[in-house]
Each structure stands twice: as C-alpha cells, then as structure tokens.
Amino acid sequence: MPSAPPALSRRIALAALLAATPLAAQEYPFGSTADTVFDIIRTDDPTAFVCLSYEGRTTRQMWDKRIDGESDLNVFLFQAHFSDGPPVDIILNPEFGSEGEARAEAMRYVRGLGQLPLVFRQGIRQFGVHKGDKGFHGGPGKIFMYHDRATRRIEQAHLEESILHESVHASLDRDWRQSPQWRAAQAKDPGFLTRYAAEHPEGEDLAETALFAYALLRYPGRIPPVDSAAIVARVPARIAVVAEILASGPVSAPAPKPPESCGS
Ligand SMILES: [Zn+2]
C-alpha cells in the first residue's frame with residue numbers, strides 16, 4: 001500500500017487530534033451560568049413574592065456540602081407567600097442564631113424566588129440556607145444555598161440567575177433533563193452552550209441552557225445581539241424545548257391567603 005500523500009495524512013492527523021480532544025478542551029460560548037456576565041433577571045424586576053411568615057422551630061433534614069451529608073436540624077421555618085402560586089418552605093440552619101437573623105437571611109432570597117415563572121418555582125418544596133461559602137445545590141424538590149456565596153452573588157447582581165439555575169434542578173430535572181425531547185434537542189444542536197454543561201451533559205445541560213434560553217424568550221435585548229446570535233446558532237433545538245417547558249405549566253395557581261403575621 002502506498003502511503004497517503006503528505007497533505008492528506010496531515011488532514012487525517014488533524015481529524016484524529018480533533019476526535020481525541022476531550023469535550024472540556026473545546027471552545028464553548030460561555031463557561032457556566034455561575035460566571036455569566038449578563039444581567040438576565042434584574043433585582044428590581046417585578047416579583048410575585050408577597051410576604052414571609054414565621055412558622056417556628058421544627059426538625060428538618062438539611063443536605064450540607066460542608067459535611068458532605070444530611071443531618072436533622074432544629075431549623076427556623078418560614079413560608080414565603082406568592083401572589084401566583086403556593087407558598088414555599090424556607091428553612092434556615094440553626095447557626096443563624098435567632099428568628100430575626102434567620103428572617104433577614106431568608107428575605108435575601110424570596111424576591112428572586114418570586115421572579116421565577118411558576119413552572120420553574122412550583123417544584124420547590126424546600127429552600128434551605130446554611131452559613132459558609134459552598135456552591136449552591138439543587139435536587140428534586142430542594143435547593144440549598146450558602147450565606148457567603150449568596151453575598152458575593154448579590155454583589156454581582158447574579159443571585160437571581162443562580163436561583164433560576166437551581167430551580168431547574170428542583171422543578172424540571174426529573175421530567176425533562178433526560179426526556180426524549182431534550183435528548184433529541186441535544187443530538188440536533190451543534191453543541192453545548194457552556195463548558196459546565198458539556199462536562200455534565202445529563203446533570204447540568206438543562207439547568208445551564210435554560211437560563212440563556214429563558215433570557216432570549218422572556219427578556220430579548222438583555223443579552224447583547226452578538227451573544228444572542230451565538231446562543232441561537234449553538235442551541236436552537238434546546239431553546240425550542242425550553243419554550244415548550246415554559247408553555248407547559250400554569251402561569252398561576254391557587255395561592256392561599258397568607259396569615260395575619262406575614263411580613264416583609
Ligand atoms: Zn446545576
């Protein structure tokens with residue numbers, strides 16, 4: 001067999017190199033939701049949050065990355081009430097010390113929860129807050145956040161974006177992240193939008209992509225035109241699925257009247 005001409009063998013070598021390049025080393029339009037520079041949900045955007053009622057001390061299980069485990073804690077329990085749907089339990093680690101300190105901490109998150117469309121919020125059964133500086137965690141029905149990390153995200157005006165990302169884990173992952181529609185969209189689109197999504201295609205692609213798709217669908221103009229075009233070019237099929245998700249749930253649901261003691 002004669003060997004391939006030099007130009008062709010260079011092309012073969014290049015193709016082999018590309019095939020061998022791990023996903024993480026390829027170029028992505030963005031790193032992750034957590035380091036996005038776009039202010040997609042603004043702090044002063046309207047919110048459905050109404051008030052926060054104190055429900056007393058009670059025992060709840062809290063997942064905590066600092067100990068890499070779950071423990072039963074005598075938490076401060078609040079309920080955040082919304083005008084467009086059911087309340088969400090907000091639980092504060094007893095390390096917050098007093099009802100007043102726990103309430104002040106809880107208040108930092110509830111406007112952002114009220115800014116979520118109901119379909120993103122309705123699966124959150126429990127929103128927990130610890131002290132410390134760990135990455136936020138969202139799983140089916142539950143979100144956990146950390147005081148110091150939240151302070152930094154507030155300084156960046158990006159706590160709302162983090163809340164949306166975790167709400168996808170809490171409310172939508174179970175039904176959508178491995179759904180035939182999402183898998184088909186992943187297969188059809190040219191690539192992943194963020195490096196984090198590419199590194200975790202099953203666990204993070206939906207939560208990562210949903211934020212950018214939500215921005216284009218609900219707040220066109222908040223992402224600059226050149227970046228919007230890059231997003232549309234990269235994940236058109238996924239954006240269509242997020243549009244389907246947004247249209248799939250109720251815009252509002254019965255909201256029980258908050259107790260007299262409910263405050264803000
Ligand atoms: Zn995530």
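Quick caveat: nothing in here was measured; it's all calculated off a predicted structure.

Side note on the domain arrangement of the protein
Moving on, step 1. Here the protein is described as being made up of domain 1 (29-41 + 173-248) and domain 2 (49-170).
Moving on, step 2. Here the C-alpha centre of domain 2 lies 24 Å away from the C-alpha centre of domain 1.
Moving on, step 3. Going through the elements one at a time, helix H6 (173-176), helix H9 (205-218) and helix H11 (236-248) are the ones with two or more residues in the side of domain 1 that touches domain 2.
Moving on, step 4. Here the side of domain 1 that touches domain 2 takes 5 residues from H9, the largest share from any one element.
Moving on, step 5. A class-by-class count of the residues in the side of domain 1 that touches domain 2 yields 10 nonpolar, 3 polar and 3 charged.

With respect to unusual backbone geometry
Moving on, step 1. Although it is not a glycine, Asp 68 sits at a positive phi angle of roughly 50°.
Moving on, step 2. Take Asp 68: it is sitting in the loop between strand S1 (49-64) and strand S2 (69-82).
Moving on, step 3. Judged by C-beta crowding, with 8 C-beta atoms within 10 Å, Asp 68 ranks as exposed.
Moving on, step 4. The phi dihedral of Ala 157 is positive, around 60°, even though this residue is not glycine.
Moving on, step 5. By the element assignment, Ala 157 lies in the loop between helix H4 (147-155) and helix H5 (159-171).
Moving on, step 6. With 12 C-beta atoms counted inside 10 Å, the residue Ala 157 sits in the exposed group.

Considering the packing of H9 against H11
Moving on, step 1. Taken N-terminus to C-terminus, the directions of H9 and H11 make an angle of 75°; their axes are 9 Å apart at the nearest point. One element, H9, and the other, H11, form an angle in the roughly perpendicular class. Between H9, through Thr 209, Ala 210, Ala 213, Tyr 214, Leu 216 and Leu 217, and H11, the contact on the second element is made entirely by Arg 238, Ile 239, Val 242, Ala 243 and Leu 246.
Moving on, step 2. Taken together, the residues that form the contact of H9 with H11 break down as 9 nonpolar, 1 polar and 1 charged.

Thoughts on the nonpolar core
Moving on, step 1. Among the nonpolar cores identified, the biggest contains 62 residues, and Ala 80, Ala 106 and Leu 113 are the most heavily contacted of them.
Moving on, step 2. By residue number, the principal contributor to this core is H9, which donates 9 residues.
Moving on, step 3. The residues that make up this core include at least three from each of domain 1 (29-41 + 173-248) and domain 2 (49-170).
Moving on, step 4. Each residue touching Ala 80, except ones within four places of it in the same chain, is listed here: Phe 49, Leu 52, Pro 87, Val 88, Ile 90, Val 110 and Leu 113.

Considering the pairing of S1
Moving on, step 1. Pairing of S1 with S2, which is carried by 14 bridges, proceeds in the antiparallel orientation. Counterpart to Trp 63 in the pairing with S2 is Glu 70.
Moving on, step 2. Hairpin connection of S1 to S2: 4 residues between the antiparallel strands, including Asp 68 at a positive phi of 50°.

A look at the sheet that holds S1
Moving on, step 1. An order of S1-S2-S3-S4-S6-S5 is seen for the 6 strands of this open sheet, with the pairing classed as mixed. Sheet topology places S1 and strand S5 (137-139) at the edges, where each strand pairs with a single neighbour. Neighbour to neighbour, the strand axes of the sheet diverge by 20° on average, direction disregarded.
Moving on, step 2. Strands S1, S2, strand S3 (85-92), strand S4 (126-130) and strand S6 (142-146) of the sheet are contacted by helix H2 (residues 99-115), whose axis makes an angle of about 110° with S1.
Moving on, step 3. Packed onto the sheet, H4 meets S4 and S6 and runs at close to 80° relative to S6.

Rules and cut-offs
- Residues numbered from 1 in each chain as written.
- Predicted model: local features only at pLDDT ≥ 70, side-chain atom pairs only at ≥ 80, totals over all residues.
- Domains from an automatic or database assignment.
- Helix = DSSP H or I, 4+ residues; strand = E, 2+ residues; numbered from the N terminus.
- Nonpolar A, V, L, I, M, F, W, Y, C, P; charged D, E, K, R; others polar.
- Buried ≥ 20, exposed ≤ 12 C-beta atoms within 10 Å, placed from the backbone.
- Axes fitted to C-alpha atoms, helices over the stretch in contact; angles between N-to-C directions.
- Parallel < 35°, antiparallel > 145°, perpendicular 65-115°, else oblique.
- Contact = placed C-beta atoms within 7 Å.
- Core = buried A, V, L, I, M, F, W, Y, C linked by C-beta atoms within 7 Å.
- Pairing = 2+ DSSP bridges.

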